[in-house]
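The lines below spell out each chain.
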Amino acid sequence: MRVAVPVAASALVLGGCGSGDHGKTAAPSSSAPSGSAAATSSGSPSGAESAGSGGSDAPSLTPFRADPARVPRTRSRAEALAAAVALQPQGWGADFRTQRPAVSTPGTLAVLDTQCRWERHGLPGGVLASLSRYSEIPAAGGKGEVKVSAAVTVHTTVRDADERLATTLEEPLRCRRQEVRTDEWISKLISTASPYGTGNNTYADDQVVEIGKYLTGKSEQTYGWYVTRLGTVTLSVSVKGAKGYSDNELITYASNANAAMLTRLESELGGDS
């Protein structure tokens, strides 16, 4: 099993970063150029083409090659894959339980609208299925409530999935403060991309990390959102910090969740690494 460390998270100073209904997967942007998630980050290829086609500076092999026969082509197969991969509370750890709501509305995708509010809309073209599950560690023993999410979005093509990451990378430039739920915001957002072969990313075609502050009432806590692409599928985990939890603890939750979902996804796709 490969251990996935959220790329760039450990290299960035987290002054406080997380996502309520964010960690909901953002909508792919039809206007985003293919490969722009990686290009904006480093100018290197993002693995948007088929295995081994990245370019002269790209690794000779992608980290994982799916069995083409097991890549979802229908909505029902995509929904089944998303349900199998998205973590439930026990997948995060023994201290976690379900949030309310526990799961996203079927047949919808989280979209950051023009007023910088996260809302769920019907699935756009290019997306076969999307599922978000929400978990938490309840407040206890003088510590606050940690909220996390795990999301899986299955796209029709690699290009669609790649554009999804490009949109994610660019959203903090458009909206440095975003409303994730009533009376919950994330702000002071920055993002970075790590295509396969850059930084510590030896496990996925591409990854975008977004960090900032989670705001509710007078509280300002750590927020982190990690979106990872493997072929046509994007995985995301988000963590909202709370009183009594260190940044290292929150990064560990996100890293372990990301690794667990990547392992599940590889098993579902039945390829080789």
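This is a predicted model, so every value here is computed, not measured.

Colleague: Is there a simple way to think about the pairing of strand S3 (residues 118-122) in this case?
Modeller: Within a regular beta strand, the side chains point alternately toward one face of the sheet and then the other, so they alternate between its two faces. Strand direction decides the pairing type here: strand S2 (residues 108-112) and S3, joined by 5 bridges, are antiparallel. Pairing of alanine 110 across the sheet is with arginine 120, part of S3. Counting the residues in the hairpin turn of S2 and S3 gives 5 residues, including cysteine 116, whose phi is positive at 65°.

Colleague: Which parts of the structure should I look at to understand the state of the cysteines?
Modeller: Here is the idea: a disulfide is a covalent bond, and it sits between the sulfur atoms of two cysteines. A full pass over the atoms with the stated rule returns 1 disulfide. Bridging cysteine 116 to cysteine 175, the disulfide has an S-S length of 2.0 Å. Torsion about the S-S bond of the cysteine 116 and cysteine 175 cystine: about -75°, corresponding to left-handed handedness. Residue cysteine 116 is found in the loop between S2 and S3, and its partner cysteine 175 is found in the loop between helix H4 (158-174) and strand S6 (178-181); the two are separated by 59 residues along the sequence. Under the relative-accessibility criterion, cysteine 116 is labelled buried at 15%. The class for cysteine 175 is buried, based on a relative accessible area of 1%.

Colleague: Explain the packing of helix H2 (residues 75-85) against helix H5 (residues 247-269) here, please?
Modeller: Geometrically, a packed helix pair is captured by the angle between its two axes and the distance between the axes. Contact geometry of H2 with H5 gives a least axis separation of 9 Å together with a crossing angle of 145°. Read as a crossing pair, H2 and H5 show a hand that is right-handed. Residues Arg77, Leu81, Ala84 and Val85 of H2 lie in contact with H5, whose contacting residues are Met261, Arg264, Leu265, Glu268 and Leu269. Tallied by class, residues from the contact of H2 with H5 come to 6 nonpolar, no polar and 3 charged.

Colleague: Can you walk me through H5 in this structure?
Modeller: Residues spaced three or four apart along an α-helix point in a common direction, a consequence of the helix completing one turn every 3.6 residues. Compared with the 33 Å implied by 1.5 Å per residue over 23 residues, the 33 Å span of H5 between its first and last C-alpha is a close match. Following H5 by one or two positions, glycine 270 adopts a phi angle in the positive range, close to 65°.

Criteria and cut-off values
Residues numbered from 1 in each chain as written. Predicted model: local features only at pLDDT ≥ 70, side-chain atom pairs only at ≥ 80, totals over all residues. Heavy atoms only, no water. Pairing = 2+ DSSP bridges. Helix = DSSP H or I, 4+ residues; strand = E, 2+ residues; numbered from the N terminus. Disulfide = S-S within 2.5 Å. Buried < 20%, exposed > 50% of the residue type's maximum accessible area, 1.4 Å probe, protein only. Axes fitted to C-alpha atoms, helices over the stretch in contact; angles between N-to-C directions. Left-handed = near helix turned anticlockwise from the far one by under 90°. Contact = heavy atoms within 4.5 Å. Nonpolar A, V, L, I, M, F, W, Y, C, P; charged D, E, K, R; others polar. Expected span 1.5 Å × (residues − 1).

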